[in-house]
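Overview (structure and organization)
Now for the letters of each chain:
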There are 2 protein chains.
Amino acid sequence: MFKYLLDHMLRYIDLDEEEKAIVTNHFKYKKLSKKDYVLKSGDVCQGNYFILTGCLRLYVITNSGAEQILHFGISGWWMSDLDSFDKQLPSDYYIQAVECTEVAFISKANYEALMIKIPKLNKYFRIMMQIAYTAKLKKLELFLCHTAEERYHSFNKAFPDFVQRIPQYMLASFLGFTPGFLSLLRAKRSKVD
Amino acid sequence: MFKYLLDHMLRYIDLDEEEKAIVTNHFKYKKLSKKDYVLKSGDVCQGNYFILTGCLRLYVITNSGAEQILHFGISGWWMSDLDSFDKQLPSDYYIQAVECTEVAFISKANYEALMIKIPKLNKYFRIMMQIAYTAKLKKLELFLCHTAEERYHSFNKAFPDFVQRIPQYMLASFLGFTPGFLSLLRAKRSKVD
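Residues numbered from 1 in each chain as written. Chains lettered and ligands numbered in written order. Predicted model: local features only at pLDDT ≥ 70, side-chain atom pairs only at ≥ 80, totals over all residues. Heavy atoms only, no water.

All right, on to the pairing of strand β3 (residues 48-53) of chain B then. Residue and element names in this part refer to chain B. Extensive coverage of β3 is indicated by the burial of five of its six residues. The pairing of β3 with strand β8 (residues 101-106) spans five bridges and is classified as antiparallel. Among the inter-strand pairings, N48 is bridged to a residue of β8, identified as I106. Bridging between β3 and strand β6 (residues 78-79) involves two bridges; their strand directions are antiparallel. Paired with F50 across the strands is W78, a residue of β6. (Buried < 20%, exposed > 50% of the residue type's maximum accessible area, 1.4 Å probe, protein only. Helix = DSSP H or I, 4+ residues; strand = E, 2+ residues; numbered from the N terminus. Pairing = 2+ DSSP bridges.)

Structural data, given as structure tokens:
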């Protein structure tokens, strides 16, 4: 069940059979239906979620009551509110399944225990954090240095399958513009094509 | 010379005297004058920089030729283009001293060697990356969910000393608006005060 998770770890660190068994024992499996939540604002984030299949989104409700998506995760990505997870404090965020999604997840207590049992997992998670940080810095650059239209084209070029897969209003939220503006861009693009 | 760096590490991990000496031997010290660069676009990022005193900024040149600041670092923060540093590929960014700045820095080769010699440093850098990632996610939220004015007040409230310390045009760039707009906000604020 956790083969994909173990294979992912093996890309960055070595694990022998005993260590693989220890990792597996510290994770749980969960199958989420579309629109199921693993975190709601006001609750403590109970897990660090590795996406086996499907797609999760992390969003916040703005002062005007709108959903603002800050992060999408697909298979092979980690998803959590790490600040809430780490400090065990209430989160401002929601994490919801965009489609039917399977996750391997670890609780805070198990995460801490696992790091002590297999310290080299710190290397794996350091690299995961580094990748996630670099992606967020790039996204910030997209917002600060590029127009909404450039953001759309850049994202479409980098993740064409993903753009086809998620609902249009979610993509618009993630890229920071209205669904109407996204429809205009798509119409313009199809004329060019 | 590296006491502040070692003390910072000791907040998160234990290091005995021998390990402290190993860490120290893998770092170098550099004193930067105001406007000195440690990285220029097109070059490979040669170090991961721990700021002992002073302030560094990371910026990119936009298509229109403007400087867009993506990141500031003050004492106790790490600064690097980690993607360039890690892959040893040319960077898109500039890292420059905003004021007279002292750094402890480590090369890629020494970083890799140090992680092998003292594996628990992976834990320290995992936590550093986690803090940096959470800060970037919060900044993205500020951009996506708040007006320019709200961004300014939020940043001013969180880092009042820092706001006083850096040139106004740099603060405006970092917060994603023009220096003129920042002057207007400051004038409005001083009237309220």
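Next comes the rest of the description.
What follows is about the sheet that holds strand β2 (residues 37-39) of chain A. Residue and element names in this part refer to chain A. If you walk across this open sheet you meet the four strands as β2-β7-β4-β5, and the pairing is antiparallel. If you trace the sheet from one side to the other, it starts and ends with β2 and β5 (67-74), each paired once. Averaged over neighbouring strand pairs, the angle between their axes works out to 25° when direction is ignored. In this structure, strand β4 (residues 55-61) lies alongside β5, joined through seven bridges in antiparallel fashion. Counterpart to C55 in the pairing with β5 is I74. (Axes fitted to C-alpha atoms, helices over the stretch in contact; angles between N-to-C directions.)

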